[in-house]
Amino acid sequence: MTVHLLGVGPGDPELLTLRAARLLGRAEAVVHDRLIGPDVLGYASPTAERYDVGKTPGHPGPTQRDINELLVQLGARLDCVVRVKGGDPTVFGRGAEEVEACHRAGIRTEVVPGITSSIAGPTAAGVSLTRRGTASGFCVVTAHQDPRSDPVKWSALAHSGLTIVVLMGARGAPRVADALLGAGMQADTPVAVVTSATLPEQQTCRTALGDLGTTPLRAPSVIVIGDVAAAEASLLAEEVLSGDPQGPGTPGVAGVAQPGVGCTGTRHLAIPHVAGTPPG
Ligand SMILES: C[S@@+](CC[C@H](N)C(=O)[O-])C[C@H]1O[C@@H](n2cnc3c(N)ncnc32)[C@H](O)[C@@H]1O
């Protein structure tokens, strides 16, 4: 009778909240997107009904209306339904639409906050979004503009002094770079692109805003634009100690080596592991 919208973080199951892990273990039905890794879904009860409602590139997949209807049907039939969402369910997750659909049908909901990739991605790569003396704030925007929303005011962002974090930007990066450069942002503004953050294949590429448009990017990526993205500002001991602005990894492992682009493929995650067993 309750649909729980669960944020499950950027991918590493160690970044699940206790509440998310517990609800996954209790759920009678799990509705999830394509990007949710098997390690996270492994916390779900083996007897739970599973519904993959993800979209694969080139295949339209279920519409948002189909997903809303599925949640309403499951919520009317079962006690505990979880709708699993990457990161936090309210950050570009269409969580609000699903909650509203459930409420219209008289189904109770709970929204469980998750660790958003917009913050955890940079942190896992040693990029501090705020830094005393360098950046006193950050903003998170999407490169994928919905025609029904107000367009992002890139020129205001270019002059804001904030670190700019761009999600869903793997394809739209050239447009973002053009808009910011056109608004007067310096071409040598540092950029860090963190791909598959917190997953074993995590990779960080550093470039400059002037080169961002010609750098091929893979999804999922978080793009960080601003002085905090410079390799010199990295929080990773390996990069700081090596003094190598490209870090200790192998440039170009993911086929993104370009002039002016340095990549590190090392997994940079230092999370204290707390002993415990997954709820079952
Ligand atoms: C539809 S948005 C959902 C964001 C999610 N609700 C959150 O809070 O992280 C999907 C975008 O999140 C970013 N993203 C999600 N997981 C990521 C990861 N592990 N590494 C890098 N970027 C990620 C990418 O920009 C991707 O295109």
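First, a word on what this report is: a plain description of the structure on this page. These numbers come from a predicted model, not from an experiment.

### Brief notes about the nonpolar core
Within the largest apolar cluster, 64 residues are counted, with the highest numbers of intra-cluster contacts made by Leu71, Val191, Val224 and Ile225. Once residues lying within four places of it in the same chain are set aside, the contact partners of Val191 are Arg206, Thr207, Ala208, Leu209, Leu212, Ile223, Val224, Ile225 and Ala229.

### Structural notes on the site of the ligand
Taken together, 25 residues form the shell around the ligand, and within it Gly87, Val91, Thr116, Ser117 and Ala197 come nearest. Sort the elements by how many residues they give to the shell around the ligand and helix H5 (residues 117-124) lands first, with three residues. The residue makeup of the shell around the ligand, split by class, is eleven nonpolar, twelve polar and two charged. Each of two domains, domain 1 (2-115) and domain 2 (118-264), supplies a minimum of three residues to the shell around the ligand.

### With respect to the sheet that holds strand S2 (residues 29-32)
The five strands lie next to each other as S3-S2-S4-S1-S5, forming an open sheet whose pairing is parallel. Edge strands, defined here as strands with exactly one partner in the open sheet, are strand S3 (49-52) and strand S5 (108-112). Across the sheet, the mean angle from the axis of one strand to that of its neighbour is 15°, orientation sign disregarded. Of the strands in this sheet, strand S1 (2-7), strand S4 (80-85) and S5 are in contact with helix H1 (residues 18-26), which crosses S1 at around 135°. Of the strands in this sheet, S1, S2, S3 and S4 touch helix H3 (residues 64-77), which is tilted by about 155° from S4.

### Notes on the packing of H3 against helix H4 (residues 95-104)
Axis separation between H3 and H4 bottoms out at 9 Å; the angle between their running directions is 45°. What the angle tells us is that H3 and H4 run oblique. Seen from above, H3 lies across H4 with right-handed handedness. Together, Gln64, Ile67, Asn68, Leu71, Val72 and Gly75 of H3 and Glu97, Glu98, Ala101 and Cys102 of H4 make up the contact between the two elements. Classifying every residue of the contact of H3 with H4 gives five nonpolar, three polar and two charged.

### A word on the pairing of S4
One face of the sheet, then the other: side chains in a regular strand alternate in exactly this way. The element S4 is largely enclosed, with a buried count of five among its six residues. Pairing of S1 with S4, which is carried by six bridges, proceeds in the parallel orientation. Note on S4: the bridge partner recorded for Thr2 is Cys80. Examined bridge by bridge, S2 and S4 share four bridges and lie parallel to one another.

### Here's the deal with H4
Of all the positions in H4, only Glu98, Val99, Ala101 and Cys102 are classed as buried. For H4, the arc enclosing every buried residue in end-on projection is 160°, short of the 170-degree limit, so these residues lie on one face. Those residues of H4 that are exposed and angled more than 90 degrees off the buried face are Ala96, Glu100 and Arg104. Close packing links the buried residues of H4 with S1, H3, S4 and S5. Just beyond H4, the residue with positive phi is Gly106, at close to 75°.

Reading guide: rules and limits
Residue numbers here run from 1 along each chain, matching the order of that chain's written sequence. With the structure being a predicted model, the display of local features is reserved for residues of pLDDT at least 70 and the display and counting of side-chain atom pairs for 80 or more, all residues being used for whole-chain, interface and lining totals. To define a nonpolar core, we join buried Ala, Val, Leu, Ile, Met, Phe, Trp, Tyr and Cys residues through C-beta atoms within 7 Å and take the resulting set. Between the buried cut of 20 or more and the exposed cut of 12 or fewer other C-beta atoms within 10 Å of a residue's own C-beta lies the partly exposed class, and all C-beta atoms are placed from the backbone. This entry defines residue contacts through backbone-placed C-beta atoms, with two residues in contact when those atoms are within 7 Å. In this text, near has one meaning. A residue is near a molecule or strand if its C-beta atom, placed using the backbone, is within 6 Å of it. Runs of E in the DSSP output that reach at least two residues are strands. Runs of H or I that reach at least four are helices, and both are numbered from the N terminus. Under this grouping Gly is polar, as are all residues other than the nonpolar Ala, Val, Leu, Ile, Met, Phe, Trp, Tyr, Cys and Pro and the charged Asp, Glu, Lys and Arg. An automatic or database domain assignment supplies the start and end points of every domain. Two strands are counted as paired when DSSP detects at least two bridges linking them. As a rule, the C-alpha atoms of each element are fitted with a line to give its axis, helices using only the stretch in contact, and angles between N-to-C directions run from 0 to 180 degrees. Angles below 35 degrees are treated as roughly parallel, those above 145 as roughly antiparallel, those between 65 and 115 as roughly perpendicular, and all remaining angles as oblique. Two helices cross in a left-handed way if the nearer one is turned anticlockwise from the farther one by less than a right angle. They cross in a right-handed way if the turn is clockwise. Regarding the arc, it is the one traced by the directions from the helix axis to the C-beta atoms.

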